[in-house]
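Spelled out from the first residue to the last, the chains are:
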Amino acid sequence: MVTRLLALSLVLNVILLDMFGVAESTVTKPPIPNPTTDFIKSSCESTSYPVACVQSLSRYANVIHQSEQKLAIKALSVSVSKTRSCASFVKEMGPVKGMKPIEHNAVRECIEFMDDSVDRLSQSIRELGLLGKAEGKDLRGT
């Protein structure tokens, strides 16, 4: 009976420690430095939104490695995707009931600016790809 209580007590302690993260923090080793994600983090430090930059690009660490050009192309690609998504959302939203003509024109102009941004970002990706080919590398990973 005493051994059962002792075992139950140990199990409950482990569960409680795990719930509060104590067991994990005392047992877990510090994260192993990853040169690729460290490269992305250090590159994102100089941006206006470093946290968003790291979150957006870290998942592509295996493609970027430690290449500034690959990082730039992937950042542009992510920007194109997000801008397309945003423009699509605004287009689908359509005219809002009670919207004044001047407000409707502002929304249309905003959509045009986003479409222009997608075009310019896409052009930048193509030009960086051509730059890489001129240097003997295909930077798009193809």
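Described below are features of the structure shown in this document. Quantities reported herein were computed from a predicted structural model and do not represent experimental measurements.

A word on helix α6 (residues 68-93). Look at α6: 37 Å from first C-alpha to last across 26 residues, which is about the 38 Å you get at 1.5 Å a residue. Listing the buried residues of α6 in full gives Gln69, Leu71, Ile73, Leu76, Val78, Val80, Thr83, Ala87 and Val90. Immediately downstream of α6, the backbone of glycine 94 shows phi near 65°, a positive value.

Right, let's get into the nonpolar core. The biggest cluster of nonpolar side chains holds 10 residues, and these are Phe39, Ile40, Cys44, Cys53, Val54, Leu57, Ala61, Ile64, Leu71 and Val78. When residues of this core are traced back to their parent elements, those giving at least two are α3 (35-44), α4 (50-57), α5 (61-64) and α6. Those residues in contact with isoleucine 64 that lie beyond four places of it in its chain are Phe39, Ile40, Leu57, Lys70, Leu71 and Lys74.

A separate point is the pattern of salt bridges. Within this structure, the stated rule accounts for 1 salt bridge. Residue lysine 91 pairs with aspartate 115 through a salt bridge whose shortest N-O separation is 3.2 Å. Here lysine 91, found in helix α6, pairs with aspartate 115, found in helix α7 (residues 101-134); they are 24 residues apart in sequence, far enough to count as distant. In this structure lysine 91 comes out as partly exposed when scored by relative accessible area, which is 46%.

Axis separation between α3 and α4 bottoms out at 8 Å; the angle between their running directions is 150°. On the basis of their axis angle, the class for α3 and α4 is roughly antiparallel. Between α3 and α4 the crossing geometry is right-handed. For the pair α3 and α4, contact is made by Ile40, Lys41 and Cys44 and by Pro50, Cys53, Val54 and Leu57, respectively. Across the contact of α3 with α4, the residue classes break down as 6 nonpolar, no polar and 1 charged.

Basis of the calculations
Residues numbered from 1 in each chain as written. Predicted model: local features only at pLDDT ≥ 70, side-chain atom pairs only at ≥ 80, totals over all residues. Heavy atoms only, no water. Helix = DSSP H or I, 4+ residues; strand = E, 2+ residues; numbered from the N terminus. Expected span 1.5 Å × (residues − 1). Buried < 20%, exposed > 50% of the residue type's maximum accessible area, 1.4 Å probe, protein only. Core = buried A, V, L, I, M, F, W, Y, C linked by side-chain atoms within 4.5 Å. Contact = heavy atoms within 4.5 Å. Salt bridge = Lys/Arg side-chain N within 4 Å of Asp/Glu carboxyl O. Axes fitted to C-alpha atoms, helices over the stretch in contact; angles between N-to-C directions. Parallel < 35°, antiparallel > 145°, perpendicular 65-115°, else oblique. Left-handed = near helix turned anticlockwise from the far one by under 90°. Nonpolar A, V, L, I, M, F, W, Y, C, P; charged D, E, K, R; others polar.

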